[in-house]
Amino acid sequence: MPSKPAPIKKAAKKEPAKKEEKAPEPAPAPEPAPEPAPAEAAPAPAEAEAAPAEAAPAEGDAAAPAAEEPKAPTPPPADEPTSAPVDLFVEDKNDTSVTIIWSQPETIGVTGLDGYTIEVCKEGTEDWKAVNEDLQKSCRYVIKNLTTGDRLKIRVVAVNAGGRSPPVALPEAVLVKEVADRPKVRLPRFLRQRYVAYVGDKINLTIPFTGKPKPVVSWIKNGAPLDTKRVNIRSTDRDSILFIRASERDDSGVYEMCVKVEDFEDKASLTLQIVELPGPPASVKIADTWGFNVALEWTPPSDNGNTEITGYTIQKADKKTGDWFTVLDHYHRLNATISDLIMGNTYKFRVFSENKCGISEEAAVTKTEATIQKTGIDYKPPDYKEHDFSEAPKFTTSLSDRSTTVGYSTKLLCSVRGHPKPKIEWMKNQMIIGDDPKFRQITVQGICSLEIRKPGNFDGGVYTCRAKNDHGESTVSCKLEVKQPVIADAEKK
């Protein structure tokens, strides 16, 4: 019985050799691989068969890979951590937090990068503690809830499947304190010059500033502390507000604002001027009177309203009426001459002061009066030679010949001039008409008219108008023709 299995094993081992001879056929090549029992039972013959295969490589290129397949696969490389992060530095800090940023490691590897762990410890110790529970994905982190004044060492470690990378640490410990930013007052442009307001106005001025940490703001007026009963100051992190509810002249002055951060400070000043109407001139007098003129002189007011005087207004009043009239306004001198006064009248004068707020409520009045005396001049009217307007009558418009129809009234017209006023007479055929009711004679402003009422067959002829005065006479004539009315043939039958 034991002799029978031996040839079977030999036969089994001969089959791969025959198949190796048939290497050009790609399909049967992988069949011997799944037979592990024969390979384990006779390793020596397998090695012997591999040797002739190596000795005869010329049989074909496919035989070489078939011989290498039995080699064990190369194991994957072990997981390795990344290199240390780089460029770690502090981006910002304040009294309770520190912001850091860094760059990713130069060498990451095939396992990639899972995130970062940020660790801190106090200066002088090595008790490193992670401040982030979860891995930080980005290259920036804000370490919060710190104690002001502590000095901390900070480092960052990269983490992946291979473990922790070497840490990168800040070269020096960080002091937990806000970085001081030099303070600066940003005074608005309109406050760089004198700020003028009227008495009673509300003052509300906002002056911005910068600085870190929050600057300490202080105000003074004319070098002395502010009167908090009159002026209210309210400051924030970014500006300071000066507020006066109802300004008075005593609020005028130079206000100085100072902002301070540690040993740094900045100052800015503004000038506030509260103005009102001026008072009247101190005095006014009549310096001289001559002809129709009066010379006045006055002195500036004792109260200018906290601003310069811009001019004066001068008025006069006649003693008879007492009404005041302005003779000069916006006048800049302290003397003036009032002219064109009326002879025989007595005048008083008053002067008002003016500034940028307006004209003073009261005026300075002259204590004396100025009377314009009458001069002894006798009026002699000139001798004028009276013009002689005497003139003989002259017809300016003559009579025109006319024709009329029986029964239809007609009118003759002409015009005449002369001085003295000439007498007008109408004549028919050289016979004066007189007061004949058939004729109506009218003369107005030299226009002469003669109306002939319903003339008959015998009213035709030559009519003459004669004008006569002391210097002569003149006549004008015309011819009047009276026609029979035309009767139609039908009416005659």
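Residue numbers run consecutively from 1 along every chain, following the written order of its sequence. For this predicted model, a pLDDT threshold of at least 70 governs which residues receive local features, and a threshold of 80 or more governs which side-chain atom pairs are given and counted, while totals over whole chains, interfaces and linings are taken from all residues. To obtain the side-chain values, all non-hydrogen atoms of the structure were used and water was disregarded.

In this structure, what is going on with the overall build of the protein chain? I would like to understand it.
Counting its secondary structure elements, the protein chain contains five helices and 36 strands. Taking all 493 residues of the protein chain together, the buried fraction comes to 31%. Here the contacts in the protein chain between residues at least 6 apart in sequence split such that 63% fall between residues at least 24 apart. Each accessible area is a Shrake-Rupley result for a 1.4 Å probe, and residues are judged covered by the shown protein chains and nothing else. Summed over its atoms, the accessible surface of the protein chain is roughly 32,400 Å², and 51% of this surface lies on carbon and sulfur atoms. Secondary structure elements follow DSSP: runs of H or I no shorter than four residues count as helices, runs of E no shorter than two count as strands, and numbering proceeds from the N terminus. Each residue is assigned to one of three classes by its accessible area relative to the maximum for its type, calculated with a 1.4 Å probe on protein chains only: buried under 20%, partly exposed between the two thresholds, exposed over 50%. Only heavy atoms matter for contacts: two residues are in contact if any of them lie within 4.5 Å across the pair.

For this particular structure, what's the right way to read the packing of aromatic side chains?
Two aromatic rings are characterised by how far apart their centres lie and by the angle between their planes. Aromatic rings from Phe, Tyr and Trp, with only the six-membered ring used for Trp, were paired whenever their centres fell within 6.5 Å, and each pair was classed as stacked if the ring planes differed by under 30 degrees, edge-to-face if by over 60, and tilted otherwise. Following the criterion strictly, the structure yields six aromatic pairs and no others. Measuring from centroid to centroid gives 5.7 Å for Trp298 and Tyr312, while their planes differ by 65°, and the two rings are edge-to-face. Taken together, the positions of Trp298 in strand S20 (residues 293-298) and Tyr312 in strand S21 (residues 311-318) put the pair 14 residues apart, joining distant regions of the chain. Trp298 gets classed as buried once you look at its relative accessible area, which sits at 4%. Accessibility expressed as a relative area gives 4% for Tyr312, which makes it buried. Here Phe439 and Tyr463 contribute two aromatic rings whose centre-to-centre distance is 6.2 Å and whose plane-to-plane angle is 55°, an arrangement assigned as tilted.

Please explain the side chain of Asn160 as it appears in this structure.
As for its placement among the helices and strands, Asn160 is situated in strand S6 (residues 151-160). Taking the relative accessible area as the measure of exposure, Asn160 reaches 5% and is therefore buried. One polar contact links the side chain of Asn160 to the main-chain amide nitrogen of Gly162, over a distance of 2.9 Å. Ignoring anything within four residues of it in the chain, the contact list for Asn160 reads Glu80, Pro81, Thr82, Ile108, Thr111, Gly112, Leu113 and Asp114. Within 3.5 Å is the distance limit for a polar contact, defined as a pair of N or O atoms, with the added protein rule that one can donate a hydrogen and the other accept it, and that residues adjacent in sequence qualify only through two side-chain atoms.

Just checking my understanding: could you explain the pattern of salt bridges for this structure?
Side chains bearing opposite charge may pair, as long as their charged atoms lie close to each other. Criterion for a salt bridge: a side-chain nitrogen of Lys or Arg within 4 Å of a carboxyl oxygen of Asp or Glu. Inspection of every chain in the model, using the stated rule, returns 16 salt bridges. In this structure, Asp251 and Arg230 form a salt bridge, with 2.6 Å as the shortest nitrogen-oxygen distance. With Asp251 in the loop between strand S16 (239-244) and strand S17 (253-261) and Arg230 in the loop between strand S14 (224-225) and strand S15 (232-235), this residue pair connects regions lying 21 residues apart in the sequence. In this structure Asp251 comes out as buried when scored by relative accessible area, which is 4%. Between Arg440 and Glu451 there is a salt bridge, with its nearest N and O atoms 3.8 Å apart.

Quick question: what am I supposed to make of the nonpolar core here?
One recurring pattern in soluble globular proteins: nonpolar side chains tend to sit buried together. In these notes, a set of buried Ala, Val, Leu, Ile, Met, Phe, Trp, Tyr and Cys residues joined through side-chain atoms within 4.5 Å is what counts as a nonpolar core. By size, the foremost hydrophobic cluster in this structure holds 20 residues, and its most contacted members are Ile207, Trp219 and Tyr255. Residue assignment for this core shows that the elements contributing at least two residues are strand S12 (203-212), S16, S17 and strand S18 (264-275). Discounting chain neighbours no more than four positions away, the residues touching Tyr255 are Trp219, Ile220, Lys221, Leu226, Val231, Leu242, Ile244, Ala268, Ser269, Leu270 and Leu272. Counting 19 residues, the second largest nonpolar core, distinct from the first, contains Ile424, Trp426, Cys448 and Ala467.

In this structure, what is going on with the layout of surface pockets? I would like to understand it.
Any space left empty among the atoms is revealed by the rolling of a water-sized probe across them. Space inside the second largest pocket adds up to approximately 230 Å³. Contributing to the lining of the second largest pocket are 14 residues, with Val120, Cys121, Lys122, Leu146 and Leu152 lying nearest its centre. For the lining of the second largest pocket, the element with the most residues is strand S3 (residues 115-122), which contributes three residues. As a working rule, the residues Ala, Val, Leu, Ile, Met, Phe, Trp, Tyr, Cys and Pro are called nonpolar, Asp, Glu, Lys and Arg charged, and the rest polar, with Gly in that last group. Taken together, the residues that form the lining of the second largest pocket break down as six nonpolar, three polar and five charged. Here a cavity is any set of points on a 1 Å grid over the protein atoms alone where a 1.4 Å probe fits but cannot get out, and a pocket is any open set with protein on both sides within 12 Å along at least 5 of 7 lines; a residue lines the site when it has an atom within 4 Å of a point. Grid points are joined across faces, edges and corners, and a volume is the space filled by probe spheres set on the points.

Explanation requested: the sheet that holds S20 in the structure shown.
One requirement defines pairing of two strands: DSSP has to find at least two bridges between them. Spatially, the three strands line up as an open sheet ordered S19-S20-S23, and their pairing is antiparallel. Strand pairing shows two members of the sheet lacking a second neighbour, strand S19 (284-290) and strand S23 (335-338), which therefore form its edges. Averaged over all neighbouring strand pairs, the angle between strand axes comes to 20°, with direction disregarded. Examined bridge by bridge, S19 and S20 share six bridges and lie antiparallel to one another. Bridge pairing links Asp288 to Ala295 in S20. Note on definitions: angles span 0 to 180 degrees between N-to-C directions of axes, and those axes are lines fitted to C-alpha atoms, for helices only across the stretch in contact.

Got a minute to help me understand the environment of Pro215 in this structure?
By secondary structure assignment, the location of Pro215 is in the loop between S12 and strand S13 (216-221). Since its relative accessible area comes to 4%, Pro215 is described here as buried. When the C-alpha positions of Pro215 and Val259 are compared, they lie 5.6 Å apart, and in sequence the two are 44 residues distant. Once you skip the residues sitting within four places of it in the chain, Pro215 turns out to touch Phe209, Thr210, Val259, Lys260 and Val261.

Even after reading the chapter, I still don't get the pairing of strand S33 (residues 439-444), so can you show me in this structure?
A regular strand places its side chains on the two faces of the sheet in alternate fashion. The sheet contact formed by S33 and strand S34 (residues 447-452) spans six bridges and is antiparallel. Bridge assignment links Ile442 to a residue of S34, and that residue is Ser449. Linking two consecutive strands that pair antiparallel, namely S33 and S34, is a turn of two residues; a positive phi of about 50° is found at Gln445 within it.

Would you take a moment to explain the sheet that holds strand S2 (residues 98-103) for this structure?
Note on sheets: strands pair through backbone hydrogen bonds, and any given pair is parallel or antiparallel. Judged by pairing direction, the sheet is antiparallel, and its three strands sit side by side in the order S1-S2-S5 without closing on themselves. Only two strands of the sheet have a single partner each, and these edge strands are strand S1 (86-93) and strand S5 (140-143). In this sheet, adjacent strand axes meet at a mean angle of 20° when their direction is disregarded. Examined bridge by bridge, S2 and S5 share four bridges and lie antiparallel to one another. Looking at the pairing, Ile101 lines up with Arg140 of S5.

Just to check I follow, could you spell out the state of the cysteines for this structure?
Where two cysteines share a covalent bond between their sulfur atoms, that bond is called a disulfide. Two cysteine sulfurs form what is called a disulfide whenever their separation falls within 2.5 Å. Taken as a whole and judged by the stated rule, the model has zero disulfides. Summary of cysteine pairing: Cys414 is not part of a disulfide, and the nearest cysteine sulfur, belonging to Cys465, is at 3.8 Å. Among the residues examined, Cys414 registers a relative accessible area of 3% and is labelled buried.

Looking at this model, I keep getting lost on the confidence of the model for the protein chain. Mind explaining?
In low-pLDDT regions, the fine details of the predicted coordinates are not to be read closely. The predicted model of the protein chain averages 83 in pLDDT, with 83% of residues at 70 or higher. Scored from 0 to 100, pLDDT reflects the predictor's confidence in each residue. A low-confidence stretch, residues 1-66 stays under pLDDT 50, and its non-local contacts, those more than four residues away or across chains, total ten contacts.

Is there a simple way to think about the environment of Gly112 in this case?
Of note, Gly112 is situated in the loop between S2 and S3. Note: C-alpha distance between Gly112 and Glu80 (32 residues apart in sequence) is 9.8 Å. Once you skip the residues sitting within four places of it in the chain, Gly112 turns out to touch Thr82 and Asn160.

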